[in-house]
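# Architecture and fold: a report
The chain contents come next:
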Amino acid sequence: MPRFTHPRLEDVPLDLALHALADANRLSMVARLAAAERLSCSGAAPCDSMPKSTLSNHLKLLRAAGLVETTQAGREMINTLRRSEFDRRFPGLLDVVLANRPD
């Protein structure tokens, strides 16, 4: 059973959060998670052609930045956006970044 590391948001520095949101694919994943309550790994992927290893790495970076929580449900990995916690740590940041996301 995989174990995922989810940092305390108090321990996440601003530069790590900004780095996670700076990549277009990760930002797309955050937007998809913001629009849904929870998504599987493949559901969070910004495109169908993304290799699983790349998707896994993006999710790892999002978890490290405190943006995503991943839990196991059977054989599926379910991802949720830690929106309220992240907003308490960095008020307004996610709203501004998502509102100004390039299409």
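The structure reproduced in this document is the subject of the present report. (Residues numbered from 1 in each chain as written. Predicted model: local features only at pLDDT ≥ 70, side-chain atom pairs only at ≥ 80, totals over all residues. Heavy atoms only, no water.)

### Brief notes about the packing of aromatic side chains
Counting across every chain of the model gives 1 aromatic pair. Geometrically, the ring pair formed by Phe 86 and Phe 90 is tilted, given 5.2 Å between the ring centres and 50 degrees between the ring planes. Phe 90 carries the same exposure label as Phe 86, and that label is buried. (Phe/Tyr/Trp six-rings, centres within 6.5 Å; stacked < 30°, edge-to-face > 60°. Buried < 20%, exposed > 50% of the residue type's maximum accessible area, 1.4 Å probe, protein only.)

### With respect to helix α2 (residues 24–35)
Here α2 is 12 residues long and its end C-alpha atoms lie 17 Å apart, about the 16 Å a rise of 1.5 Å per residue gives. Within α2, burial applies to Arg 26, Leu 27, Ser 28, Met 29, Val 30, Ala 31 and Leu 33. A distance of 2.9 Å separates the backbone nitrogen of Asn 25 from a side-chain oxygen at the start of α2, and that oxygen is part of Asp 23. (Helix = DSSP H or I, 4+ residues; strand = E, 2+ residues; numbered from the N terminus. Expected span 1.5 Å × (residues − 1). Polar contact = N/O pair within 3.5 Å; in protein donor to acceptor, adjacent residues only side chain to side chain.)

### So, helix α4 (residues 52–64)
In a regular helix each residue adds 1.5 Å, so 13 residues correspond to 18 Å; α4 covers 18 Å between its end C-alpha atoms and thus fits that length. Among the residues of α4, Leu 55, His 58, Leu 59, Leu 62 and Arg 63 are the ones counted as buried. Summarising the axial view, the buried residues of α4 lie within an arc of 140 degrees, below the 170-degree limit, and thus occupy one face. Looking at α4, the residues exposed on the side facing more than 90 degrees away from the buried face are Ser 53 and Lys 60. Where the residues of α4 are buried, they touch α1 (14–22), α2, α3 (41–44), β2 (68–73) and β3 (76–81). (Arc of directions from axis to C-beta. Contact = heavy atoms within 4.5 Å.)

### Quick look at the pairing of β2
Direction of pairing for β2 relative to β3: antiparallel, over a ladder of 6 bridges. Note on β3: the bridge partner recorded for Val 68 is Leu 81. Here β2 folds back onto β3, and the loop between the two strands holds 2 residues, one of which, Gly 74, carries a positive phi near 70 degrees. (Pairing = 2+ DSSP bridges.)

### Describing the sheet that holds strand β1 (residues 39–40)
Read from one edge of the open sheet, 3 strands run β1-β3-β2, paired in antiparallel fashion. In this open sheet, the two strands that pair with only one neighbour each are β1 and β2. Sheet strands in contact with α2 are β1, β2 and β3, and its direction is about 85 degrees off that of β3. (Axes fitted to C-alpha atoms, helices over the stretch in contact; angles between N-to-C directions.)

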